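Here are the chains, one letter per residue:
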Amino acid sequence: MRSSPLPRMSRRGRVTIGVLIGVFVFFTLLGWGVNAWTDWLWFDEVRYTQVFTGVLATRLLLFLVIGLGMAAIVAGNLWLAYRLRPQLRPHSAEQATLERYRMLLSPRLGTWIALASAVIGLFAGLSAQSRWSQWLLFRNGGSFGVKDPEFGIDVGFYVFQLPFWRYLLGVGFTAVVLALLGALAVHYIFGGVRLQGVGDRMTNAARAHLSSLVAVFVVLKAIAYVLDQRAMLLEYNEGAKLYGAGYADINALLPAKEILAWIAVVVAVAIIVFSNAWMRNLVWPGIALALLGVSAVAIGGIYPWAVQTFEVKPSARDKEAPYIERSIEATRAAFGLTGTKSTGYAADNLIPPASLATDTSVVQNVRLLDPQLVSETYTQLQQVRGFYDFGPKLDIDRYANAGKTSDYVVGVREINYGELPNNNWINRHTVYTHGYGLVGAPANQVVCGGQPYFVSGFLGEKAQEACSSQAEQIPAQQPRIYYGERMEADDYAIVGQTGDRSVEFDRPTSTGGEQYYTYTGEGGVEIGSFTRRLLYAIKEQESNFLLSEAVNDDSKLLYVRNPRDRVEKVAPFLTLDGDPYPAVVNGRVLWIIDGYTTAATYPYADRVNLQAETADELTGRGTFQLARENVNYIRNSVKATVDAYDGTVKLYQFDDTDPVLKAWNKAFGGELVLPKGDIPPELAEHFRYPADLFKVQRNLLTKFHVTDPGDFYSGQDFWQVPNVPDAPDSGQRQPPYYLFTQFPGQESPRFQLTAAVTPNGRQNLAALVSGSYVDGRPQLEVLELPDQTRISGPTQVHQQMTNNGDIRQQLNLLSSNQAQVQYGNLLSLPFADGMLYVEPVYVKSSNQDAYPLLQKVLLSYGDGGSYVVLANNLSDGIKQLVEQGKRAAAGGPPPSTGDNPPTTGGTSPPVLTGELAEAAGKVQSAIAEVKAAQASGDFERYGRALKALDEAMAAFQQAQAAANPSPGPSASGSPSASPPASPSSSPSPNG
């Protein structure tokens, strides 16, 4: 029975489909062409066209080579399968059914093969072009000068070569599988493979073709086993909880992979021989493939599992020790921890020394302004117009004034486009084009009832406020801000005017008027011609580019105005720090952005997720969140700058030994990144240890400060990063803080990033980690306290200070229904073999447009609870601490805390020391937890808190009995001789 032909589409239908496809292709190509053209113009503006052409050319090369290669392999095998078809086919129902498909395919077989191969090649090419970074590193990568501990291969092979080899191997597997499936389908349709009938199910030609493809697949599997041997050094070792091959991997899985590679080669040969030269059937080739599968399970799976279970687990500490040592060394090298300087710090002085009052290196440089809290203060006091904004967080930098260097809290006065008085297209893009001024204030000074002392960024020639400096102390010759952090992707600006008329709002004047300005910088893309206007009208989908009189022959378009986005576009191979900061350098306001080179294939190094490791309280509050990128190598190799006026981008080499940066620089012509020697000294003075890198290193040091494999395996000496002291239940880590100070062992004060860490599972202080630059090189330092230290950690200190009886009363007076207390950075400062803690206290009224004001300063010395004061300012607080220390040294009681002078009459409580002081501190912490549980309404938490309080009270009574073994009168009513009164045992959690 003759099958009916397929229905043909009408001419009108074919024309309609053709027109729709043509329209789709036209607009797709138009959009791509407009984006490519405007990108070229932007890269030409910033003078980094080598990045645009380099990336584009690499993408096109990979698209064509991989796409055409994949298409050629598939098409060749499909065509070969057709050419190998039998000329005579036996008559059967199966062949009669297939005849209809043969009639459809045969007349235009070449077209069908070309179409199928083109689709496969298109998707393969699209996938390949995204691997441009791997290819550039593969082609330009060099040597690390470090060999892996197992094979003795340079680390450069793993970082530069291995990822692309594994990708090519994946492409090979995909091509062979698609070719095999396609060839099998063609052989079946044209009779080379049969499912029914008598005789052979496959012709000799089809058998030879298909078995050859299977043999190629098995050979690729053998190559995969060889690469897997190298990749084992990157895998997770479950036994040691580290990355890198462990005992079972090296002694069982590694030889198994080698055996499997040779078995795969033998199987590939057996498939060819048994299928074609000898028995000419698929029985023995099938047996060979089954043997390979069984071998993979038995040799590559069961045997390593047995070694891990019965040999390693019973004595894992000893068996894994050499491999743990490898991971420790590799991790410290890959993350820049090798040169960490670790120093012991006894912290055994618990009494405030008299030298606190005369110190000039630590106390005078204590930073009181919190850049997160005072951003509202900056906005309210320096805003002048409602559309000016400083963002949710300011930055810390240092400047020299009158020969003295100190911390400054700095921010840039930018335009908040959401607050414009009339947010139309003209205002948004042609009138309100820029902000004005870098506003700075000393970080250790407040005036006028708790306000910052502003010294720069004034809108007029002189400051008009009585609480500010009367002259610019950080003068900027060009204070206008056309590029800033507050600018979104669609916040482009059209600048430049014909004639003398200025239309850009510049700043308000002292007489109440407004001053206007016309941009004169080199930045921006010229859009004076009709072609350029049409181009950007299409790109921005905005007709005003063609219709508005604001766009003239002298107009320029400024876009990609966020400094971080700008550097990311220029250097797409860099991972950028989440906290760019502004600085005045040679009279220009520059944004400084730290750039990292990263890798994920450093053998034996621990792997971290950048987004998880860098997240803390400030993430998303003026600090960009990093992408979820898994890395096991990182270097701060680039310092990038963006001129806030004209948008000029410069990349400076900072780590001149980084092989990854050398590879990227070579990939883009060798001149993309300026040499380290070209860094202006005035710019280098403002470099600071990057925050995100420090967070990663700090988190790793909590484990990898332990270098003994046995101790590392036990984990008993591990540390942890404490939560935010004033909100420990939030689960957010305490951010590190910048300080210009001097730590023990340092010859002079440095601008350094500092963080406290606590023992794992405990809250007392374990160490202080700091990062700074010494002679232009990064230096990590660790001040490590003894294991059994009684020094409290940040959370404990905050609780002990704020729960002190006298201090709690004063804090309650500060907070009411009309105001709230906010706490600034809790600073942990080593001083005179002890610890000084400083925490500023801000008060914010509930009135509209209120802003936080620094009202008090909390200070503590020693273990965090014995010597505590709440003072009006740092100077008074230091005096009170010193007075407490003098009384303690003389055997007398410490004065009462707060601003009131100490009383002299009556019996004073003794000073708690030793275990008794530690027990009292635990009672105070337990009471604070009970109060927090009550406020939260969590019954389960409240029950746990009461139980912990009972245990703390019992421990205190035992310590008190041990301290006073003989009966005698006790100092009743003394908050030092007995624990603070506990809450009632019967209140409900809801209060």
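Caption draft 1: Structural context of the overall build of the protein. From N to C terminus, the protein includes 26 helices and 34 strands. Relative to its full complement of 991 residues, the protein shows a buried share of 52%. Across the protein, contacts joining residues at least 24 apart in sequence account for 68% of those joining residues at least 6 apart. Put simply, the protein shows about 44,400 Å² of open surface, and 55% of that area lies on carbon and sulfur atoms.

Caption draft 2: Structural context of unusual backbone geometry. One non-glycine residue, V560, lies in positive phi territory at about 55 degrees. Assignment of secondary structure puts V560 in the loop between strand 17 (556-558) and helix 16 (563-570). We note that D833 has phi near 60 degrees; this positive angle belongs to a residue other than glycine. Along the chain, D833 falls in the loop between strand 31 (827-831) and strand 32 (834-845).

Caption draft 3: Local environment of the environment of V560. Considering only alpha carbons, one finds V560 and E488, 72 residues apart in sequence, at a separation of 8.1 Å. Each residue touching V560, except ones within four places of it in the same chain, is listed here: W42, Y483, D565, R566 and K569.

Caption draft 4: Main features of the confidence of the model for the protein. In the predicted model, the protein carries a mean pLDDT of 85, and the fraction of residues at 70 or more is 86%. Between residues 966-991, whose pLDDT stays under 50, and residues either more than four places distant or in other chains, the model counts 38 contacts.

Caption draft 5: Geometry of the packing of aromatic side chains. What the rule picks out here adds up to 42 aromatic pairs. Pairing F505 with Y516 gives two aromatic rings, centres 6.1 Å apart and planes at 85 degrees, and the pair type is edge-to-face. One end of the pair, F505, is in strand 14 (residues 504-508); the other, Y516, is in strand 15 (residues 514-517), and 11 residues separate them in sequence. The class for Y516 is partly exposed, based on a relative accessible area of 38%. Ring pairing ties together the aromatic residues W135, F138, F164, W165 and Y167, which thus form one cluster. Above the plane of the ring of F654 lies K676, whose end atom (NZ or CZ) is 4.9 Å from the centre.

Caption draft 6: Summary view of a negative patch on the surface. Taken together, E488, D490, D565 and E568 make up a surface patch of like negative charges. If you trace the backbone, E488 turns up in the loop between strand 12 (480-481) and strand 13 (493-495).

Caption draft 7: Geometry of the packing of helix 5 (residues 132-140) against helix 18 (residues 659-667). Two elements in contact, helix 5 and helix 18, have axes whose closest approach is 9 Å; the angle formed by their N-to-C orientations is 100 degrees. With respect to each other, helix 5 and helix 18 are oriented roughly perpendicular. When helix 5 is examined against helix 18, the residues W132, S133, L136, L137 and N140 are found in contact with a partner set consisting of A663, W664, K666 and A667. When its residues are assigned to classes, the contact of helix 5 with helix 18 shows six nonpolar, two polar and one charged.

Caption draft 8: Quick peek at helix 12 (residues 374-382). Listing the buried residues of helix 12 in full gives V374, S375, T377, Y378, T379 and Q382. The inward-facing, buried residues of helix 12 abut strand 4 (388-389), strand 6 (404-412), strand 9 (438-442), strand 11 (451-452) and strand 32. Positioned one or two residues after helix 12, V384 has a phi angle of 65 degrees, which is positive.

Caption draft 9: Looking closely at the sheet that holds strand 9. Taken in spatial order, the three strands line up as 5-6-9 in an open sheet, and their pairing is antiparallel. The open sheet is flanked by strand 5 (395-401) and strand 9, the only strands paired with a single partner. Sheet twist, expressed as the mean angle between neighbouring strand axes with direction ignored, is 40 degrees. In this structure, strand 5 lies alongside strand 6, joined through seven bridges in antiparallel fashion. Among the inter-strand pairings, A400 is bridged to a residue of strand 6, identified as T405. Helix-sheet contacts for helix 12 involve strand 6 and strand 9, and the interaxial angle to strand 9 is about 120 degrees.

Caption draft 10: Local environment of the pairing of strand 28 (residues 767-774). Judged by how many residues are buried, strand 28 sits mostly within the fold: seven of eight residues are covered. Two strands pair when backbone bridges link them, and strand 27 (residues 750-759) and strand 28 are joined in this way by five bridges, in the antiparallel orientation. Along strand 28, the bridge assignment pairs A756 with L768. Where strand 28 lies against strand 29 (residues 777-784), eight bridges are found, and the strand directions are antiparallel. Note on strand 29: the bridge partner recorded for L768 is L783.

Caption draft 11: Seen up close, the pattern of salt bridges. Under the counting rule described, the total for this entry stands at 26 salt bridges. Members of the salt-bridge network, linked through shared partners, are K393, D395, D579 and R688.

About the thresholds
- Residues numbered from 1 in each chain as written.
- Predicted model: local features only at pLDDT ≥ 70, side-chain atom pairs only at ≥ 80, totals over all residues.
- Heavy atoms only, no water.
- Helix = DSSP H or I, 4+ residues; strand = E, 2+ residues; numbered from the N terminus.
- Buried < 20%, exposed > 50% of the residue type's maximum accessible area, 1.4 Å probe, protein only.
- Contact = heavy atoms within 4.5 Å.
- Areas by Shrake-Rupley, 256 points an atom, 1.4 Å probe, with all protein chains shown as cover.
- pLDDT = per-residue confidence, 0-100.
- Phe/Tyr/Trp six-rings, centres within 6.5 Å; stacked < 30°, edge-to-face > 60°.
- Lys NZ or Arg CZ within 6 Å of the ring centre and 35° of its normal.
- Patch = residues over 30% accessible without salt bridge, like charges linked within 9 Å, V, L, I, M, F, W, Y side chains within 5 Å.
- Salt bridge = Lys/Arg side-chain N within 4 Å of Asp/Glu carboxyl O.
- Lys, Arg positive; Asp, Glu negative; His and termini not counted.
- Charge placed at Lys NZ, Arg CZ, Asp CG, Glu CD.
- Axes fitted to C-alpha atoms, helices over the stretch in contact; angles between N-to-C directions.
- Parallel < 35°, antiparallel > 145°, perpendicular 65-115°, else oblique.
- Nonpolar A, V, L, I, M, F, W, Y, C, P; charged D, E, K, R; others polar.
- Pairing = 2+ DSSP bridges.

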